[in-house]
Amino acid sequence: MLIELGGRAVEYRFARRRRRTLGITVDAGGLRVSAPMRAPWREVEAFLREKERWILAKLDEWAEAPRPAVLRGASGESLPYLGIEHTLEVRDGGRSVSREGETLIVSAPPSRVLTTLIGWLKMKALESLTPRVAHYAQALGRPAPAVALVGGRSRWGVCAADGTIRLSWRLVQIDPALADYVAAHEAAHLVEMNHSKRFWTLLASLYPAWRDARERLELAGAALPIIKGAA
């Protein structure tokens with residue numbers, strides 16, 4: 001669908017859902033609009049025009065965001081670790097990874113470079129994320145939950161019904177403050193297994209700057225390199 005905002009023709013995807021309010025999202029896929037089942041079109045368009053400046057600013061921000069590179073496991077390539085770009089130095093040898101300044105030295109047979117690197121990133125992710133989840137759970141008066149890792153690029157974390165928290169290992173690649181937001185978000189689900197007003201109030205008590213972190217996380221995630229064969 002199209003609407004004119006600020007003299008620009010803006011394309012957007014529209015869906016009616018069982019919800020009480022209008023909602024908009026801008027990400028790498030563009031503008032998405034969700035509306036209650038019976039919301040009249042005039043309210044939808046008025047809402048978009050009210051949010052015009054924000055929508056256009058976000059569309060421009062995403063248009064300027066770097067596109068992810070494909071990491072093939074060669075010396076000289078770079079990838080972020082803890083939010084800082086690191087250069088790969090690949091050596092033929094036993095399977096290990098070490099960090100020297102802003103260089104990641106990967107020793108592995110040529111066919112195992114990426115799997116060795118991914119294994120190391122997963123280990124570091126579990127080491128760094130587990131205590132952060134425990135910290136936020138303790139702040140809520142809950143015992144430290146089990147933490148597991150998942151792959152995928154579109155979902156950062158999930159809190160299962162049994163209390164297990166599963167987090168994307170790719171969080172170890174971004175700014176730790178943003179990874180902290182995800183840890184706090186999922187820990188809050190230990191108390192509120194929903195996204196109700198109570199949940200967002202609870203999250204704000206754990207991580208006051210969650211709104212800013214959520215937006216920064218989307219941009220940071222979209223720019224992460226695509227690692228061939230990663231799951």
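As a reminder, the structure under discussion sits directly above these lines.
Residues numbered from 1 in each chain as written. Predicted model: local features only at pLDDT ≥ 70, side-chain atom pairs only at ≥ 80, totals over all residues. Heavy atoms only, no water.

Novice: Which parts of the structure should I look at to understand the side chain of Lys58?
Specialist: Within the secondary structure, Lys58 is located in helix α2 (residues 52–64). For Lys58, a relative accessible area of 13% gives the class buried. Looking at Lys58, its side chain comes within polar contact range of the side chain of Glu61, at 3.0 Å. Polar contacts involving the side chain of Lys58 include one to the side chain of Glu215, which spans 2.5 Å. What Lys58 contacts, discounting residues up to four positions off in sequence, is Val26 and Glu215. (Helix = DSSP H or I, 4+ residues; strand = E, 2+ residues; numbered from the N terminus. Buried < 20%, exposed > 50% of the residue type's maximum accessible area, 1.4 Å probe, protein only. Polar contact = N/O pair within 3.5 Å; in protein donor to acceptor, adjacent residues only side chain to side chain. Contact = heavy atoms within 4.5 Å.)

Novice: Sorry if this is basic, but what is going on with the packing of helix α4 (residues 176–188) against helix α5 (residues 197–206) here?
Specialist: The relative placement of two packed helices is expressed as an angle between their axes plus a distance between the axes. Axis separation between α4 and α5 bottoms out at 9 Å; the angle between their running directions is 135 degrees. Relative to α5, α4 is oriented oblique. Note on packing geometry: the crossing formed by α4 with α5 is right-handed. Counted together, Tyr181, Ala184, His185 and Ala188 of α4 and Phe199, Trp200, Leu202, Leu203 and Leu206 of α5 form the full contact between these two elements. Its residues assigned to classes, the contact of α4 with α5 comprises eight nonpolar, one polar and no charged. (Axes fitted to C-alpha atoms, helices over the stretch in contact; angles between N-to-C directions. Parallel < 35°, antiparallel > 145°, perpendicular 65-115°, else oblique. Left-handed = near helix turned anticlockwise from the far one by under 90°. Nonpolar A, V, L, I, M, F, W, Y, C, P; charged D, E, K, R; others polar.)

Novice: Explanation requested: the packing of aromatic side chains in the structure shown.
Specialist: A ring pair, where both rings are aromatic, is described by two values, the distance of the centres and the angle of the planes. Across all of its chains, the model carries five aromatic pairs by this definition. A centroid spacing of 5.8 Å and a plane angle of 65 degrees characterise the contact between Tyr181 and Tyr207, whose relative ring orientation is edge-to-face. Of this pair, Tyr181 sits in helix α4 while Tyr207 sits in the loop between α5 and α6 (210–223), and the two are 26 residues apart along the sequence. A ring pair is formed by Phe199 and Trp200, whose centres lie 4.9 Å apart and whose planes are at 80 degrees; its orientation type is edge-to-face. Judged by its relative accessible area of 0%, Phe199 is buried. (Phe/Tyr/Trp six-rings, centres within 6.5 Å; stacked < 30°, edge-to-face > 60°.)

Novice: Can you help me understand helix α1 (residues 41–50) in this one?
Specialist: An α-helical turn contains 3.6 residues, so any two residues separated by three or four positions project in the same direction. Looking at α1, one finds that the buried residues are Val44, Phe47 and Leu48. Projected down its long axis, α1 shows its buried positions confined to an angular sector of 95 degrees, all on one face. In α1, the exposed residues that point more than 90 degrees away from the buried face are Arg42 and Glu50. In this structure, the buried residues of α1 make contact with β1 (2–5), β2 (8–17), β3 (23–27), β4 (30–36) and α2. (Arc of directions from axis to C-beta.)

Novice: Quick question: what am I supposed to make of the layout of surface pockets here?
Specialist: To find leftover empty space, a probe the size of one water molecule is rolled over the atoms. Computed from the structure, the largest pocket encloses a volume of approximately 1400 Å³. Lining the largest pocket are 36 residues, and of these Thr25, Tyr181, Trp200, Arg214 and Glu218 lie nearest its centre. Those elements giving two or more residues to the lining of the largest pocket turn out to be β3, α2, β11 (157–159), α4, α5 and α6. In terms of residue count, the dominant contributor to the lining of the largest pocket is α6 (nine residues). Considered class by class, the residues forming the lining of the largest pocket number 16 nonpolar, eight polar and twelve charged. (1 Å grid on protein atoms, 1.4 Å probe; cavity = no way out; pocket = protein on both sides within 12 Å on 5 of 7 lines; lining within 4 Å. Points joined across faces, edges and corners; volume = space filled by probe spheres on them.)

Novice: Help me understand helix α3 (residues 113–139), please; the structure alone is not making it clear to me.
Specialist: Helix length check: α3 (27 residues) gives 40 Å between terminal C-alpha atoms against 39 Å at 1.5 Å per residue, within 8%. Backbone geometry just downstream of α3 places Gly141 in the positive-phi region, at approximately 75 degrees. (Expected span 1.5 Å × (residues − 1).)

Novice: Would you mind showing me how to read the pattern of salt bridges here?
Specialist: If charged atoms from side chains of opposite charge come close, those side chains can pair. Counting across every chain of the model gives ten salt bridges. The salt bridge partner of Arg32 is Asp27, with a shortest N-O separation of 2.8 Å. The residue Asp175 makes a salt bridge to Arg216 at a minimum N-O spacing of 3.1 Å. Of this pair, Asp175 sits in the loop between β12 (165–168) and α4 while Arg216 sits in helix α6, and the two are 41 residues apart along the sequence. Residue classification places Asp175 among the partly exposed positions, given a relative accessible area of 29%. Among the residues examined, Arg216 registers a relative accessible area of 36% and is labelled partly exposed. Several salt bridges converge on common partners, so that one network encompasses Lys58, Glu61 and Glu215. (Salt bridge = Lys/Arg side-chain N within 4 Å of Asp/Glu carboxyl O.)

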